[in-house]
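This is what each chain is made of:
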Amino acid sequence: MTLIAICAFLPYFPINHLALSLPARVLTGAIDRLIPFSPVWELVYVSIYFYIFVLVFYIRDPHLFRRTVLSFVVIQATCFVIFLAFPVGIERPSGLNPGGSFFDWGLALNYTLDQPRNLFPSLHLANAFMASLLLLRVEPRVGALAIGWAVLIGYSTIAARHHAFADVVAGIVVALLADRLIVAPAIASRRDRPLLHPARYALAVIALYPVAVLLLYLLWRAGWQPFVWPPPT
């Protein structure tokens, strides 16, 4: 089931490049202009990849895990269709200095890997809130912390100029629908059995995130730059 979830995400990159050839709308508005640009928020933005993977080790009940994977797959498929039917772009900052700041380097690396498409709805927010709402239903205290972090991820997508506020709202709506239609019924049917492993299972995955950041920092200090900056026009 984990492999199915990973495979469901793989079309993201071909769609990302295909959408570059399509006319794109810009949804940036007044709220986006109020939030100052800061590469530091990239640290929160990329945490989503560990955030989602927590569920692989934290969910104990097989039925709930299968429904969670189904929810993830449905979210990806829904967003992929919208990415092609309603392409959205964003203007990215051009003044980054990858050699002068680790945060600039990390943001430039992400900008290179992920072209400014596949924005509406935000997959970051759809996946983050799907996971958070699941935890909120099963373990409210843990879920409340997860919701708080998902909100920070939402802010980071705007502060690092990956998304506009409209993308964030649309991503949350997708998550709410997936939770209501797929995850919530599975939880309701399994209330008589333990659904999660002990919290240490989740903490072990979360602890890998600062390790990954440290490794990237060391690569930056070593002068590794696997991308051309500024990108060719």
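The coordinates are above.
My aim in this report is to walk through the structure given alongside it, one point at a time.

Our next topic: the overall build of the chain. From N to C terminus, the chain includes 12 helices and 2 strands. In terms of C-alpha radius of gyration, the chain reaches 18 Å, essentially the compact-globule figure of 17 Å for 233 residues. Viewed in the frame of its principal axes, the chain has a C-alpha envelope of about 55 × 40 × 35 Å. In the chain, which comprises 233 residues, the share counted as buried stands at 46%. Counting contacts in the chain only where the partners sit at least 6 residues apart, residues at least 24 apart contribute 88% of the total. When the accessible surface of the chain is summed, it comes to about 11,700 Å², and 71% of that surface belongs to carbon and sulfur atoms.

Our focus in this paragraph is the pattern of salt bridges. Inspection of every chain in the model, using the stated rule, returns 3 salt bridges. Residue D61 is joined to R190 by a salt bridge in which the shortest nitrogen-to-oxygen separation is 3.1 Å. Remark: R190 occurs in the loop between α10 (165-188) and α11 (199-206) and D61 occurs in the loop between α5 (48-58) and α6 (62-85); sequence separation between them is 129 residues. As far as the burial class goes, D61 and R190 line up, both buried. R137 is paired through a salt bridge with D179; the nearest N and O atoms lie 2.7 Å apart.

Moving on to the environment of L195. As for its position among the elements, L195 is in the loop between α10 and α11. In this structure, the C-alpha to C-alpha distance between L195 and G171, residues 24 residues apart in sequence, is 26 Å. Setting aside its immediate chain neighbours within four residues, L195 contacts Y58, I59, R60, D61, L64, V138, I187 and R190.

What follows is about unusual backbone geometry. The omega torsion across F120 and P121 is 0°, close enough to zero to call that bond cis. Relative to the assigned elements, P121 resides in the loop between α7 (102-113) and α8 (123-138). The backbone of N118 shows a phi angle near 55°, a positive value even though the residue is not glycine. Summarising the element assignment, N118 is placed in the loop between α7 and α8. At R161, a residue that is not glycine, the phi angle is positive and equals roughly 60°. Locating R161 in the fold gives a position in the loop between α9 (140-159) and α10.

Counting residues in each nonpolar core, the largest one holds 46 residues, and the members touching the most others are Y51, L64, I75 and L134. Among all residues touching Y51, those that are not within four sequence positions of it are A128, A131, S132, A146, I147, W149, A150 and I153.

Here the focus is the packing of α5 against α8. One way to put it is that α5 packs onto α8 with a least axis distance of 10 Å and a crossing angle of 35°. Two packed elements cross with a definite hand, and for α5 against α8 that hand is left-handed. Contact residues: α5 offers I48, Y49, Y51, I52, L55 and Y58, while α8 offers H124, N127, A128, A131, S132 and L135. Of the residues assigned to the contact of α5 with α8, the class counts are 9 nonpolar, 3 polar and no charged.

Taking 1.5 Å as the rise per residue, α8 with 16 residues should run 22 Å; its terminal C-alpha atoms sit 23 Å apart, in good agreement. Most of α8 is tucked away: 14 of the 16 residues are buried.

The rules behind these values
Residues numbered from 1 in each chain as written. Predicted model: local features only at pLDDT ≥ 70, side-chain atom pairs only at ≥ 80, totals over all residues. Heavy atoms only, no water. Helix = DSSP H or I, 4+ residues; strand = E, 2+ residues; numbered from the N terminus. Rg over C-alpha atoms; globule rule 2.2 N^0.38 Å. Buried < 20%, exposed > 50% of the residue type's maximum accessible area, 1.4 Å probe, protein only. Contact = heavy atoms within 4.5 Å. Areas by Shrake-Rupley, 256 points an atom, 1.4 Å probe, with all protein chains shown as cover. Salt bridge = Lys/Arg side-chain N within 4 Å of Asp/Glu carboxyl O. Core = buried A, V, L, I, M, F, W, Y, C linked by side-chain atoms within 4.5 Å. Axes fitted to C-alpha atoms, helices over the stretch in contact; angles between N-to-C directions. Left-handed = near helix turned anticlockwise from the far one by under 90°. Nonpolar A, V, L, I, M, F, W, Y, C, P; charged D, E, K, R; others polar. Expected span 1.5 Å × (residues − 1).

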